[in-house]
Amino acid sequence: MAQQPVFPPGPGAPGGPGFPAARTPSGLFPSVPPSRPTYREPHPVRGAGVAAGGGAAALWLLVFGLLGPGLVGYLWWTLFAGAVAWLVDLVLVRVGDRGVATGVAIVTAGGWSIAAVLLATRWATSGNWPLW
């Protein structure tokens, strides 16, 4: 078998004068998948945890909302119960289950929104601010 002659690279040929030299890849687009995940959530949010937190917060707000004799009592008890729920929520986010914390936060925000709508409706119909 005849050996091919080796010519020096000409212009436009890889390694030649008009072509850049081979570069080391940056790693932005790796050629092989990583051997393990680069980021793993220590406390993943699961649907069951969100549902449990939402159910607990709904029951919590319901019990405290029923303590008030009228709208004003309902509003004050709901504000208090929501504030306590969010303090517990901060602890859950830091050292507990983040899924439960998510459910508590969502339902508490919804409970406060209902209280705000009732407050605005009473204020609009009576002309007096109901909380003072």
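Our structure is the block above this text.
As the structure is a computational prediction, the values presented were derived from the model and not from experiment.

The rules behind each value
- Residues numbered from 1 in each chain as written.
- Predicted model: local features only at pLDDT ≥ 70, side-chain atom pairs only at ≥ 80, totals over all residues.
- Heavy atoms only, no water.
- Helix = DSSP H or I, 4+ residues; strand = E, 2+ residues; numbered from the N terminus.
- Contact = heavy atoms within 4.5 Å.
- Axes fitted to C-alpha atoms, helices over the stretch in contact; angles between N-to-C directions.
- Parallel < 35°, antiparallel > 145°, perpendicular 65-115°, else oblique.
- Left-handed = near helix turned anticlockwise from the far one by under 90°.
- Nonpolar A, V, L, I, M, F, W, Y, C, P; charged D, E, K, R; others polar.
- Core = buried A, V, L, I, M, F, W, Y, C linked by side-chain atoms within 4.5 Å.
- Buried < 20%, exposed > 50% of the residue type's maximum accessible area, 1.4 Å probe, protein only.
- Expected span 1.5 Å × (residues − 1).

**A word on the side chain of T108**
Then, number 1: Inspection of the secondary structure assignment puts T108 in helix α3 (residues 98–126).
Then, number 2: When sequence neighbours within four positions are dropped, the list of residues in contact with T108 reads A57, L61, G82, A85 and W86.

**Remarks on the packing of helix α1 (residues 47–65) against α3**
Then, number 1: It is the contact of α1 with α3, at a shortest axis distance of 6 Å, that shows an interaxial angle of 40 degrees. One element, α1, and the other, α3, form an angle in the oblique class. In the packing of α1 onto α3, the handedness of the crossing is right-handed. Together, G49, V50, G53, G54, A57, A58 and L61 of α1 and G99, V100, T102, G103, V104, V107, T108 and G111 of α3 make up the contact between the two elements.
Then, number 2: Classifying every residue of the contact of α1 with α3 by side-chain character gives seven nonpolar, eight polar and no charged.

**Brief notes about the nonpolar core**
Then, number 1: Core analysis: the largest hydrophobic core is formed by six residues, namely L71, Y74, L75, A115, L119 and L131.
Then, number 2: Mapped onto this core, the elements with two or more residues apiece are α2 (71–95) and α3.
Then, number 3: In terms of residues, this core owes the most to one element, α2, which gives three residues.

**Thoughts on α2**
Residues spaced three or four apart along an α-helix point in a common direction, a consequence of the helix completing one turn every 3.6 residues.
Then, number 1: Here α2 is 25 residues long and its end C-alpha atoms lie 36 Å apart, about the 36 Å a rise of 1.5 Å per residue gives.
Then, number 2: Listing the buried residues of α2 in full gives L71, G73, Y74, L75, T78, A81, G82, A85 and D89.
Then, number 3: Looking at the buried residues of α2, the elements they touch are α1 and α3.

Keep in mind that these numbers describe shape and distance, not what the molecule does.
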